[in-house]
Amino acid sequence: MFRFAAMAALLALAVSFPAAAETRIGVVDLRQALFSSNEAKTFSESLQRDFADDEAEVRQAQEAARKLKDRLEKDGAMMNESERSQLTTEFQEKVKEFNFLKQRLDSTVASRKQSFLENARPNVDSAVQELLEEHDLDLILPSEAVVYVKPEMNLTDELLDKLNR
């Protein structure tokens, strides 16, 4: 009975090694492929156009706060208490305005980027599925999870080509 169990275990082990050796794995850098795609470039350009005015407003608030700070540092010692207090209050208000505008802009941009990623997901999934089938792969891993990959198994450029068609 022991011999039978040992032989069965040995046979199972022998059969599993060739199967493991035949596992074909590809690697892609999803982030690079997605953000290098034509669709992402178009999205980035539209994002810059859409938020150019908001960015200018943030820069203006930042510059105004910087000027007030410089004036406080340069002339603050020569001002009377009332002037210094008023200038400090203006500076603090400008900093609050800058922080508010920057946070609002960052939040809106992040929301738009997330929306882009969600809309692009089906195309990415479809392109990855095509790569699996074309290369007869069992698995595709993200490049962040891989220490080394043979150049022929890095399918990032092929994924980018599929996303661009």
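The sections below set out a description of the structure shown in this document. In this text, all values refer to a predicted model and were calculated from it rather than measured experimentally.

## What about the overall build of the protein chain?
Step number 1: Broken down by element type, the protein chain carries six helices and two strands.
Step number 2: Written out in order from the N terminus, the α and β elements of the protein chain read α-β-α-α-α-α-β-α.
Step number 3: A burial count over the protein chain gives 24% of its 165 residues as buried.
Step number 4: A separation threshold of at least 6 residues defines the contact pool for the protein chain, and within that pool the share at least 24 residues apart is 82%.
Step number 5: Only carbon and sulfur atoms are counted for the fraction: they give 54% of the accessible area of the protein chain, which is about 12,000 Å².

## Regarding helix α5 (residues 81–134)
Step number 1: The end-to-end C-alpha separation of α5 is 76 Å, in line with the 80 Å expected for 54 residues at 1.5 Å each.
Step number 2: When the local axis directions of α5 are compared, the greatest deviation, roughly 40°, occurs at Ala 120, which is followed within four positions by the proline Pro 122.
Step number 3: Residues Leu 87, Phe 98, Leu 101, Leu 105, Val 109, Phe 116, Ala 120, Val 124, Ala 127, Val 128, Leu 131 and Leu 132 constitute the buried set of α5.
Step number 4: Contacts made by the buried residues of α5 are with β1 (25–28), α2 (30–36), α3 (38–50), α4 (52–75), β2 (139–142) and α6 (156–164).
Step number 5: Near the N-terminus of α5, the side chain that reaches the backbone nitrogen of Ser 82, with its oxygen 3.1 Å away, is that of Asn 80.
Step number 6: Taken from the residues just after α5, Asp 136 is the one with a positive phi, measuring 50°.

## Describing the pattern of salt bridges
Step number 1: Applying the stated criterion across every chain, the model contains 13 salt bridges.
Step number 2: As a salt-bridge pair, Asp 106 and Lys 102 come within 3.3 Å of each other at their nearest N and O atoms. Of the two residues, Asp 106 and Lys 102 both sit in helix α5, four residues apart, roughly one turn of that helix.
Step number 3: Judged by its relative accessible area of 36%, Lys 102 falls in the partly exposed class.

## Notes on the packing of α3 against α5
Step number 1: The N-to-C vectors of α3 and α5 enclose an angle of 160°; their axes lie 12 Å apart at closest approach. Taken together, α3 and α5 sit at an angle that is classed as roughly antiparallel. The crossing of α3 and α5 is right-handed. Across the interface between the two elements, Glu 39, Ala 40, Phe 43, Ser 46, Leu 47 and Asp 50 of α3 pack against Val 109, Arg 112, Lys 113, Phe 116 and Asn 123 of α5.
Step number 2: Considered class by class, the residues forming the contact of α3 with α5 number five nonpolar, two polar and four charged.

## A closer look at the environment of Leu 155
Step number 1: Position of Leu 155 relative to the elements: it lies in the loop between β2 and α6.
Step number 2: A sequence separation of 27 residues divides Leu 155 from Val 128, and the C-alpha atoms of the two residues are 9.4 Å apart.

## Quick look at the nonpolar core
Step number 1: Ranked by internal contacts, the top residues of the largest apolar core, which has 27 residues, are Val 28, Leu 131, Leu 137, Ile 140, Leu 159 and Leu 163.
Step number 2: Of all the secondary structure elements, the ones that give two or more residues to this core are α2, α3, α4, α5 and α6.
Step number 3: Here Ile 140 is in contact with Gly 26, Val 28, Val 128, Leu 131 and Leu 132, once residues within four sequence places are set aside.

## Let's talk about the packing of aromatic side chains
Step number 1: Under the criterion given, the structure shown has one aromatic pair.
Step number 2: Relative to Phe 116, the ring of Phe 43 has its centre 4.6 Å away and its plane inclined at 15°; by these criteria the two rings are stacked. Placement of the pair is Phe 43 in helix α3 and Phe 116 in helix α5, with a sequence separation of 73 residues.

Calculation rules
- Residues numbered from 1 in each chain as written.
- Predicted model: local features only at pLDDT ≥ 70, side-chain atom pairs only at ≥ 80, totals over all residues.
- Heavy atoms only, no water.
- Helix = DSSP H or I, 4+ residues; strand = E, 2+ residues; numbered from the N terminus.
- Buried < 20%, exposed > 50% of the residue type's maximum accessible area, 1.4 Å probe, protein only.
- Contact = heavy atoms within 4.5 Å.
- Areas by Shrake-Rupley, 256 points an atom, 1.4 Å probe, with all protein chains shown as cover.
- Expected span 1.5 Å × (residues − 1).
- Bend = angle between axes of the 7 residues up to and from the residue.
- Polar contact = N/O pair within 3.5 Å; in protein donor to acceptor, adjacent residues only side chain to side chain.
- Salt bridge = Lys/Arg side-chain N within 4 Å of Asp/Glu carboxyl O.
- Axes fitted to C-alpha atoms, helices over the stretch in contact; angles between N-to-C directions.
- Parallel < 35°, antiparallel > 145°, perpendicular 65-115°, else oblique.
- Left-handed = near helix turned anticlockwise from the far one by under 90°.
- Nonpolar A, V, L, I, M, F, W, Y, C, P; charged D, E, K, R; others polar.
- Core = buried A, V, L, I, M, F, W, Y, C linked by side-chain atoms within 4.5 Å.
- Phe/Tyr/Trp six-rings, centres within 6.5 Å; stacked < 30°, edge-to-face > 60°.

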